[in-house]
Amino acid sequence: MRSEPKIAIQGVSRSFGAVAALARVDIAIAPGEFVCIVGPSGCGKTTLLRILAGLETPSTGQVAITREDSARPLNTMIFQESSIFPWMTVRQNVGYGLRLRGIRAAEIAERIAPLLELTGLARFADAFPYQLSGGMKQRVSVARAFANDPELLLMDEPFAALDEQNKALLQEELLRLWSATRKTVVFITHSIDEALVLGDRVLVMSARPGRIKADIDVPFPRPRSVVELKQDPDYVRLNHDIWLLLRDEVRPAA
């Protein structure tokens, strides 16, 4: 049985002029749950995430988020493209949100040190973004989000532009960070593989206007190894079942 929702989305629709992006979306997400959303291009996934972030307002329906600690940020969003500041070092970028909140420099250093280690950035703490690969820049984005300690972590295809090797490494690191903090995560992806590797649940969206077509519990125990999980026959079968759900939605979207 799921606990009282951290996020309750009820009857949410969103239109942009004559274009309906979302149509009556209902979702309940428990505290500490890692929920992945997959769907065809243009189905409203990012619009839904922006509504959760407070960057868009629904045309109809409501979103209720249970706040636990007003001293912490409600959410932090990680985008597909790197959003780190080019004039700051890795260390400064990771600690940026904490500095904005007025936290003392010594405490910032103490809080970000383990995150730099976990994400493999400790050796590059004084490097600037131009000295980093694309994968390392996204590690900085992930470390900064966790350092800021939000109640919700909203991720919009953060690994989509990376090669498969870097993507697998960052998925492993994200799972380690999430296991240590158990933050509530909403993760948008086009990849069924990624959704099954990371998520507790996978929500499958229809073509525009986006609706929730299926809500699937991911049965694989944690902790998970990205490479080993993909060899599990049950993983292959579930991946295939989700693709069958998506196939009829991808065609009209295309």
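None of the values given here were measured: they were computed from a predicted structure. (Residues numbered from 1 in each chain as written. Predicted model: local features only at pLDDT ≥ 70, side-chain atom pairs only at ≥ 80, totals over all residues. Heavy atoms only, no water.)

S.K.: Where do I start with helix α6 (residues 164-181) in this structure?
M.R.: Counting along an α-helix, one turn takes 3.6 residues, and residues three or four places apart therefore face a common direction. An ideal rise of 1.5 Å per residue puts 26 Å on 18 residues; α6 measures up with 26 Å between its terminal C-alpha atoms. Within α6, burial applies to Lys 167, Leu 170, Gln 171, Glu 173, Leu 174, Leu 175, Leu 177 and Trp 178. Its side-chain oxygen at 3.0 Å from the backbone nitrogen of Gln 165, Asp 163 defines the N-terminal cap of α6. A positive phi of about 50° marks Arg 182, the residue just after α6. (Helix = DSSP H or I, 4+ residues; strand = E, 2+ residues; numbered from the N terminus. Expected span 1.5 Å × (residues − 1). Buried < 20%, exposed > 50% of the residue type's maximum accessible area, 1.4 Å probe, protein only. Polar contact = N/O pair within 3.5 Å; in protein donor to acceptor, adjacent residues only side chain to side chain.)

S.K.: Sorry if this is basic, but what is going on with a nonpolar patch on the surface here?
M.R.: A surface patch of nonpolar side chains, about 220 Å² in accessible area, is lined by Trp 243, Leu 244 and Val 250. Secondary-structure assignment places Trp 243 in helix α9 (residues 233-253). (Patch = residues over 30% accessible without salt bridge, like charges linked within 9 Å, V, L, I, M, F, W, Y side chains within 5 Å. Areas by Shrake-Rupley, 256 points an atom, 1.4 Å probe, with all protein chains shown as cover. Salt bridge = Lys/Arg side-chain N within 4 Å of Asp/Glu carboxyl O.)

S.K.: Is there a simple way to think about the environment of Met 77 in this case?
M.R.: Here Met 77 shows up in strand β5 (residues 75-78). Through-space distance from the C-alpha of Met 77 to that of Glu 4 is 23 Å; in sequence the pair is 73 residues apart. Discounting chain neighbours no more than four positions away, the residues touching Met 77 are Leu 49, Arg 50, Ala 53, Leu 55, Leu 154 and Asp 156. (Contact = heavy atoms within 4.5 Å.)

S.K.: Looking at this structure, I do not really get the sheet that holds strand β1 (residues 7-16). What am I missing?
M.R.: Paired through backbone hydrogen bonds, the strands of a sheet run either parallel or antiparallel to each other. Strand order in this open sheet of three strands is β2-β1-β4, and the pairing throughout is antiparallel. Edge positions in the open sheet fall to β2 (19-29) and β4 (60-65), since each of these has one partner strand only. Along the sheet, successive strands turn relative to each other by an average axial angle of 20°, direction set aside. Two strands pair when backbone bridges link them, and β1 and β4 are joined in this way by five bridges, in the antiparallel orientation. Opposite Ser 13, over in β4, you have Thr 60 as the bridge partner. This element, helix α1 (residues 45-53), spans β1, β2 and β4 of the sheet and lies at about 120° to β1. (Pairing = 2+ DSSP bridges. Axes fitted to C-alpha atoms, helices over the stretch in contact; angles between N-to-C directions.)

S.K.: What exactly am I supposed to notice about the side chain of Ser 141 here?
M.R.: In this structure, Ser 141 sits in helix α5 (residues 134-147). The buried category is assigned to Ser 141, whose relative accessible area is 5%. For Ser 141, the contacting residues outside a window of four places in its chain are Ile 78, Ser 82, Ser 83 and Ile 84.

S.K.: Quick question: what am I supposed to make of the pairing of strand β6 (residues 152-156) here?
M.R.: Remember that side chains alternate between the two faces of the sheet whenever the strand is regular. Counting buried positions along β6 gives five out of five residues, so the element sits mostly inside the fold. Covered by surrounding structure in β6 are Leu 152, Leu 154 and Asp 156 together with Leu 153 and Met 155, the residues of both alternating faces. Relative to β6, β5 is paired through four bridges, and the arrangement is parallel. Counted as the bridge partner of Asn 75 is Leu 152 from β6. Relative to strand β7 (residues 184-188), β6 runs parallel, the two being bridged by five bridges. The residue bridging Met 155 from the neighbouring strand is Phe 187, located in β7. Regarding the hand of the β-α-β motif, the stretch spanning β6, α6 and β7 is right-handed. (Right-handed = clockwise from strand over helix to strand, strands pointing away.)

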